[in-house]
Amino acid sequence: MRLRTLGILLFLGATILLFAFVILSGTAVWAYLSPVLPARIVIGGAVFPPYVVLAVFGTLLLALISAVLVTFTVMLNRAVVLPLAELTGAMARFADTQEIPSPPDMPPVKEIADLGRTFNELAAKVQATHARDTEMSRVKSDFISTAAHQLRTPLTGIRWALEALAKEPLTENQHALVESAMSKSRDLVGTVGTLLDISSIESGKHVYEFEQVALPELAAHVVKDLLPIAQERQVTLQLMPSETPLPRVRADRKQVTWILNNLVENAIRYTPPGGTATVSFGTTGGRVLTFVRDNGIGIPEKDRDNIFERFYRAGNAIAKENGGNGLGLYIARTIATDHGGDLGFANNPEGAGTTFTLSLPTSR
Ligand code: ADP
């Protein structure tokens, strides 16, 4: 119940009690006084019956007490209800915008003034922590970006040198070693490229190359690429074609492939041998949905709110998979929202496992 409603109810209750009290006490006073009162009372030359004088006196008394009650209610409203409503509004604005409210007009009640002050101090601390976190994350992103840039040039040099070496007359053993070094350096160049992409996406400076994309086609490539990993881990990986033709989406092919790759790879990694990971599609109000479903370890209730945070990994995932950095979903969701879409998940209603849903707007 709202404080204001409670105040009004209290006021009405007090008024009714007051009326009852005045009527009852008036009747009692009348019963007590009527035998001793004169038959007529003269005031300022005018003659009144005594019950009229008593009624007027009672009414004046009632009006006076009502005025006191109304004044009290108005003061309560000003001192308590309005400052509390102002404070609630300030808290809601802070939650929305992180903007510290200006101190409310000094409410006359000390405890409420203290509450307002404490809230402002708390908000200032939250804002300072938030600013520090943002700065730290900017420094970290800058560091990743600088390190990746610095690594890219020498790595490319190593790759070229290895490619040149591979063309030289080598023994079979030497050739195998050079091939292996070339493959590793290609992987490293790829990883550095991903780090650069991640830091530019994180900083909001990434320039997307939007085009019309058929999601089933991208998903088919991803599934094909990840099939060997699924087989190695004895997880059945399947792609369910859509029953109806799907509209194309407006997307950056490379980045959406990255999202799908991440989701399908997670579905494989977090599903024990013998399980299944499935990619399927749907549509809803101008969006194409891609579902990546598995019957694996699922996401525990206590971790659900944090799963899209940077570097967050659920306990059951850490126990199952050593490798992992908790960055994939964060980046994937950032890319999805940069596309005007979204990425969400739900634990499967029947049985174990999770379904991630990528939603992207159709191209117009
Ligand atoms: P990583 O997999 O490298 O830890 P991600 O950002 O891709 O990082 O995933 C973050 C966390 O989300 C994982 O550590 C895991 O706890 C959870 N998660 C993601 N996909 C699944 C899945 N299909 N099943 C269960 N948990 C998952």
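See above for the structure.
Just so you know, the residues in each chain are numbered from 1, in the order the chain's sequence is written. pLDDT decides what is reported in this predicted model: residues at 70 or higher carry local features, side-chain atom pairs at 80 or more are listed and counted, and totals for whole chains, interfaces and linings draw on all residues regardless. Only hydrogens and water are set aside when side-chain values are computed; all heavy atoms of the structure are taken into account.

Chemist: Explain the nonpolar core to me, and be specific about the residues and the numbers.
Modeler: In this text, buried Ala, Val, Leu, Ile, Met, Phe, Trp, Tyr and Cys residues form a nonpolar core when linked through side-chain atoms within 4.5 Å. Relative accessibility decides the category of a residue: with a 1.4 Å probe and only protein chains considered, values under 20% of the type maximum give buried, values over 50% give exposed, and everything between is partly exposed. The biggest cluster of nonpolar side chains holds 42 residues, and the ones touching the most others in it are Leu343 and Leu358. Filtering out sequence-adjacent residues up to four positions away, Leu343 remains in contact with Leu263, Phe308, Leu329, Ala332, Arg333, Ala336, Phe356, Thr357 and Leu358. By size, the runner-up hydrophobic cluster in this structure holds five residues, among which are Leu87, Ala90, Phe119 and Ala123. Two residues form a contact once any of their heavy atoms are found within 4.5 Å.

Chemist: Can you explain the layout of surface pockets? Please cite residues and give values.
Modeler: Only protein atoms enter the calculation, which uses a 1 Å grid: trapped sets of points that fit a 1.4 Å probe without letting it out are cavities, open sets showing protein on both sides within 12 Å along at least five of seven lines are pockets, and any residue with an atom within 4 Å of a point is a lining residue. Grid points are joined across faces, edges and corners, and a volume is the space filled by probe spheres set on the points. Estimates place the volume of the largest pocket at around 920 Å³. If you go around the largest pocket, you meet 37 residues; those closest to its centre are Asn262, Asn266, Arg269, Asn325 and Gly328. The numbering of helices and of strands both runs from the N terminus, where a helix is a DSSP run of H or I of at least 4 residues and a strand a run of E of at least 2. Per-element accounting of the lining of the largest pocket gives the leading share, eight residues, to helix α6 (residues 253-269). A breakdown of the residues in the lining of the largest pocket according to their chemical character gives 17 nonpolar, 14 polar and six charged. Only Asp, Glu, Lys and Arg are considered charged in this grouping, and only Ala, Val, Leu, Ile, Met, Phe, Trp, Tyr, Cys and Pro are considered nonpolar; every other residue, Gly among them, is considered polar.

Chemist: Just give me the short version of helix α8 (residues 328-338), but keep the residues and values in it.
Modeler: All of the buried residues in α8 are Gly328, Leu329, Ile331, Ala332, Thr334, Ile335 and Ala336. Next to the buried residues of α8 lie α4 (172-202), α6, β8 (342-347) and β9 (354-361).

Chemist: Residues and numbers for the site of the ligand, please.
Modeler: By convention in these notes, a residue is near a molecule or strand provided one of its non-hydrogen atoms lies within 4 Å of it. In the region of the ligand, 22 residues are neighbours, and Asn266, Tyr270, Asp294, Arg313 and Leu329 sit closest. Within 3.5 Å is the distance limit for a polar contact, defined as a pair of N or O atoms, with the added protein rule that one can donate a hydrogen and the other accept it, and that residues adjacent in sequence qualify only through two side-chain atoms. The contact in question runs from an oxygen atom of the ligand to an N or O atom on the side chain of Tyr270, over 2.7 Å. Within the side chain of Arg313, one N or O atom sits 2.6 Å away from an oxygen atom of the ligand. Computed with the Shrake-Rupley method and a 1.4 Å probe, the accessible areas treat only the protein chains shown as cover for residues. Within the complex, the protein chains bury 98% of what would otherwise be the 530 Å² of accessible surface of the ligand. For a cavity or pocket, the test is whether more than half of a molecule's atoms lie within 2 Å of its grid points; if they do, the molecule sits there. Spatially, the ligand is embedded in the largest pocket. Going through the elements one at a time, α6, α8 and β9 are the ones with two or more residues in the shell around the ligand. No other element matches α6, which puts four residues into the shell around the ligand. Counted by class, the shell around the ligand contains eleven nonpolar, eight polar and three charged residues.

Chemist: Report on unusual backbone geometry, specifying residues and quantitative values.
Modeler: You will see that Gln234, though not glycine, has its phi angle at about 55 degrees, which is positive. Of note, Gln234 is situated in the loop between α5 (215-232) and β4 (236-239). Judged by relative accessible area, Gln234 falls into the exposed class, the value being 56%.

Chemist: Run through the pattern of salt bridges, naming residues and quoting values.
Modeler: By definition, a salt bridge exists where a carboxyl oxygen of Asp or Glu is found within 4 Å of a side-chain nitrogen of Lys or Arg. A complete count under the given rule lists nine salt bridges for this structure. When the shortest N-O distance is used, the salt bridge between Glu163 and Arg159 registers 3.7 Å. Residue Glu163 and its partner Arg159 are both found in helix α3 (residues 110-167); the two are separated by four residues, about one turn of the helix. Judged by its relative accessible area of 29%, Glu163 is partly exposed. Between Arg233 and Glu321 there is a salt bridge, with its nearest N and O atoms 2.7 Å apart. Of this pair, Arg233 sits in the loop between α5 and β4 while Glu321 sits in the loop between α7 (315-320) and α8; the two residues are 88 residues apart in sequence, bridging distant segments of the chain.

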